[in-house]
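One letter stands for each residue in the lines below.
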Amino acid sequence: MPGMPALQPLLRAFFERDPREVAPELLNKILVRDDGRAGRIIEVEAYCGADDPAAHTFRGMTKRNHTMFGPAGHLYVYFTYGMHWCCNTVCGPEGEGWGVLLRAVVPIADIERMRSARGGARSDRELANGPAKLTQAMGIDGSFDGADIVLDDRGVSVRTDGTLPPAQPRMGPRVGISRAKDFPWRWRNPDVTR
DNA sequence: GGTAAGATCAGC
DNA sequence: CTGATCTTACCA
């Protein structure tokens, strides 16, 4: 994209940490597809394995969640509510089942492709302001489960254009969970209402 | 083998 | 607020 600074990949070490550290630092990073689609991450939630009753990985490894127990810097993509895909960045040491759910991005490149992937005319803000909306807009489904977002082995990666995370992110309880409702492990950019 | 719940979304 | 829609996980 002309005029846009080069997008640098993140280091594996960025993801090899506690998701409660990684999550706020993912704000303002960029989710990139190899077909040109890109969006700036503005809302995330941390999920902390055996320490977190709301995490898919709380009760150990299953066929569905095994990616989240794998090495950091990969994508855990899961299907829910009979129709939606959502994606997480796997974090921490291998075997912990830690990750960060990507909940919203602001479209920044190939917005028309994102709009058509979402099925028609909508405001730019509605294109990817939810965890299942962003996967639909970015063309991410179960075939991307386990993709390496550092090495970009399947055409999906998380990169930086040099923009720092917000100095004062808005923090609060996570959305749509029934257990551990009080854990304040959701972060978003201060200037977004959603 | 049966079943309840789900890290959601769109439309009313 | 409710319906859609179906996989997964857990229990028997």
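Note: the structure precedes this text.
Summarised in this report is the structure supplied together with it. (Residues numbered from 1 in each chain as written. Chains lettered and ligands numbered in written order. Predicted model: local features only at pLDDT ≥ 70, side-chain atom pairs only at ≥ 80, totals over all residues. Heavy atoms only, no water.)

1. Structural notes on unusual backbone geometry
- Even without being glycine, Asn-28 reaches a positive phi, approximately 80°.
- Among the secondary structure elements, Asn-28 is positioned in the loop between helix 2 (19-26) and strand 2 (30-33).
- Residue Asn-28 is classed as buried on the basis of its relative accessible area of 10%.
- Residues other than glycine seldom take positive phi values, yet Ala-180 does so here, at roughly 55°.
- Examined against the element boundaries, Ala-180 turns out to sit in the loop between strand 8 (170-172) and strand 9 (186-188). (Helix = DSSP H or I, 4+ residues; strand = E, 2+ residues; numbered from the N terminus. Buried < 20%, exposed > 50% of the residue type's maximum accessible area, 1.4 Å probe, protein only.)

2. What to know about the protein's contact with DNA strand B
- Taken together, 23 residues form the shell around DNA strand B, and within it His-56, Tyr-78, Asn-88, Arg-118 and Ser-178 come nearest.
- Within 4 Å of the protein, the contacting atoms of DNA strand B are 54% sugar and phosphate, with bases supplying the remainder.
- Between DNA strand B and the protein, one listed contact pairs a base nitrogen with a backbone N or O atom of Ala-54 at 3.5 Å.
- Secondary-structure elements contributing two or more residues to the surface near DNA strand B are strand 5 (84-91), strand 6 (98-109) and helix 4 (131-138). (Near = heavy atom within 4 Å. Polar contact = N/O pair within 3.5 Å; in protein donor to acceptor, adjacent residues only side chain to side chain.)

3. Here's the deal with a nonpolar patch on the surface
- On the surface, Phe-79, Tyr-81, Met-83 and Trp-85 cluster together to form a nonpolar patch covering roughly 480 Å² of accessible area.
- You can see Tyr-81 is positioned in the loop between strand 4 (75-80) and strand 5. (Patch = residues over 30% accessible without salt bridge, like charges linked within 9 Å, V, L, I, M, F, W, Y side chains within 5 Å. Areas by Shrake-Rupley, 256 points an atom, 1.4 Å probe, with all protein chains shown as cover. Salt bridge = Lys/Arg side-chain N within 4 Å of Asp/Glu carboxyl O.)

4. What about the nonpolar core?
- Counting residues in each nonpolar core, the largest one holds 36 residues, and the members touching the most others are Phe-15, Leu-26 and Val-44.
- Contributing elements (two or more residues each) for this core: helix 1 (12-15), helix 2, strand 3 (38-48), strand 4, strand 5, strand 6, helix 4 and strand 7 (156-160).
- Among all residues touching Val-44, those that are not within four sequence positions of it are Ala-23, Leu-26, Leu-27, Val-100, Leu-101, Leu-102, Arg-103, Trp-185, Arg-186 and Trp-187.
- Within the second largest apolar cluster, 12 residues are counted, among which are Tyr-47, Ala-55, Tyr-78 and Ile-177. (Core = buried A, V, L, I, M, F, W, Y, C linked by side-chain atoms within 4.5 Å. Contact = heavy atoms within 4.5 Å.)

5. Some thoughts on the layout of surface pockets
- When its volume is computed, the largest pocket comes out at roughly 500 Å³.
- Every residue lining the largest pocket is counted, 24 residues in all, and those nearest its centre are Tyr-78, Thr-80, Tyr-81, Cys-86 and Leu-101.
- Looking at the lining of the largest pocket, the elements with two or more residues in it are strand 4, strand 5, strand 6 and helix 4.
- By residue number, the principal contributor to the lining of the largest pocket is helix 4, which donates 4 residues.
- Class assignment for the residues of the lining of the largest pocket results in 13 nonpolar, 7 polar and 4 charged. (1 Å grid on protein atoms, 1.4 Å probe; cavity = no way out; pocket = protein on both sides within 12 Å on 5 of 7 lines; lining within 4 Å. Points joined across faces, edges and corners; volume = space filled by probe spheres on them. Nonpolar A, V, L, I, M, F, W, Y, C, P; charged D, E, K, R; others polar.)

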